[in-house]
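Structural description and commentary
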Amino acid sequence: MIPGKILFAENDGTYVLKLVGEVRLTLCSSLEAFLEKMFNEPDFSSVIIDLTETDTIDSTSLGLLAKLSIQAKKNLGLVPVIISTQDDVTRILLSMGFDKVFVIVRELEGFDKLKLNMHDITCDGNMEQSTQARKVLDAHKVLMSLNEENREAFSELVKQLEQIQANSKDDEK
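Residues numbered from 1 in each chain as written. Predicted model: local features only at pLDDT ≥ 70, side-chain atom pairs only at ≥ 80, totals over all residues. Heavy atoms only, no water.

A few words now on the overall build of the protein. The secondary structure content of the protein amounts to 5 helices and 7 strands. Mapped in sequence order, the helices and strands of the protein form the string β-β-α-β-β-α-β-α-β-β-α-α. Its C-alpha radius of gyration of 16 Å places the protein within 12% of the 16 Å reference for a compact globule of 173 residues. Each principal axis of the C-alpha distribution contributes one length, and for the protein these read about 55 × 35 × 30 Å. The buried share of the protein, reckoned over its 173 residues, is 44%. In the structure as shown, the protein presents an accessible area of about 9,700 Å², 48% of it carried by carbon and sulfur atoms. (Helix = DSSP H or I, 4+ residues; strand = E, 2+ residues; numbered from the N terminus. Rg over C-alpha atoms; globule rule 2.2 N^0.38 Å. Buried < 20%, exposed > 50% of the residue type's maximum accessible area, 1.4 Å probe, protein only. Areas by Shrake-Rupley, 256 points an atom, 1.4 Å probe, with all protein chains shown as cover.)

What follows is the structure, given as structure tokens:
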């Protein structure tokens, strides 16, 4: 498997984010920081997520993408596009309810002609354990909001993470 990395390009307020290889929690802080910056750009108008070279993507990363879509809809009234040409990745997206919050494009026709100057997003995989736990919790809460199947699948994990977070706050006192 290829280690995960995130690339981006921007043109006239349209951002393209390309997630490559193994997309895991370790990339989430950098991705989240980039998304905040992107949403604060005055000319930001749309975003396309390219998963054509994504080997695997974990649920925390999926939750962050779902959060991006919900925020784009709320702030701009737009539904972002995800390009996913790999059947297993597309199957995961559909099972998580992403077809309700993204336009999912399964073929590259038209998109493959785009020649973009992609830039790396520097990913700092060193995250405090408490920060990791908070990101995992937040991402899974977002996924739970997408459909009943996600609510059932992640409810126990969310309860456990909330308990861990509550216990760590008690320990700080």
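Most of strand β2 (residues 14–23) sits inside the fold, with 8 of its 10 residues counted as buried. Here strand β1 (residues 5–11) pairs with β2 via 7 bridges, running antiparallel. Bridging from a neighbouring strand, Leu7 pairs with Lys18 of β2. Where β1 folds back on β2, the antiparallel hairpin that results is connected by 2 residues, among which Asp12 adopts a positive phi of roughly 50°. As paired strands, β2 and strand β3 (residues 46–50) are joined by 5 bridges and run parallel to one another. From the neighbouring strand, Lys18 faces β3, where its bridge partner is Asp50. After leaving β2, the chain enters helix α1 (residues 28–40) and then returns to the sheet as β3, a path that is right-handed. Pairing analysis gives 3 bridges linking β2 to strand β4 (residues 54–57), with the strands arranged parallel. Opposite Glu22, over in β4, you have Thr56 as the bridge partner. (Pairing = 2+ DSSP bridges. Right-handed = clockwise from strand over helix to strand, strands pointing away.)

With that settled, consider the pattern of salt bridges. Taken as a whole, this structure holds 7 salt bridges when the rule is applied. Ionic pairing is found between Asp50 and Lys18, a salt bridge with its closest N-O pair at 2.9 Å. Of this pair, Asp50 sits in strand β3 while Lys18 is found in strand β2, placing the two residues 32 residues apart along the sequence. You'll find Asp50 and Lys18 in the same group, each marked buried. Within this structure, Lys18, Asp50 and Glu53 form a network of salt bridges that share partners. (Salt bridge = Lys/Arg side-chain N within 4 Å of Asp/Glu carboxyl O.)

So, on to the nonpolar core. Leu17, Leu19, Met38, Ile49, Leu68, Phe98 and Phe102 are the most contacted members of the largest nonpolar core, which has 44 residues in total. Of all the secondary-structure elements, those providing two or more residues to this core are β1, β2, α1, β3, α2 (59–76), α3 (87–95), α4 (129–146) and α5 (148–172). In this view, Leu19 contacts Lys5, Ile6, Ile49, Asp50, Leu51, Glu53, Thr54, Ile57 and Leu65; residues no more than four positions away in its chain are not counted. The next biggest cluster of nonpolar side chains, apart from the first, holds 5 residues, and it includes Val16, Val81, Ile83 and Val105. (Core = buried A, V, L, I, M, F, W, Y, C linked by side-chain atoms within 4.5 Å. Contact = heavy atoms within 4.5 Å.)

To continue, consider α1. The terminal C-alpha atoms of α1, which comprises 13 residues, lie 18 Å apart, in line with the 18 Å expected from a rise of 1.5 Å per residue. Listing the buried residues of α1 in full gives Cys28, Ser30, Leu31, Glu32, Phe34, Leu35, Met38 and Phe39. (Expected span 1.5 Å × (residues − 1).)

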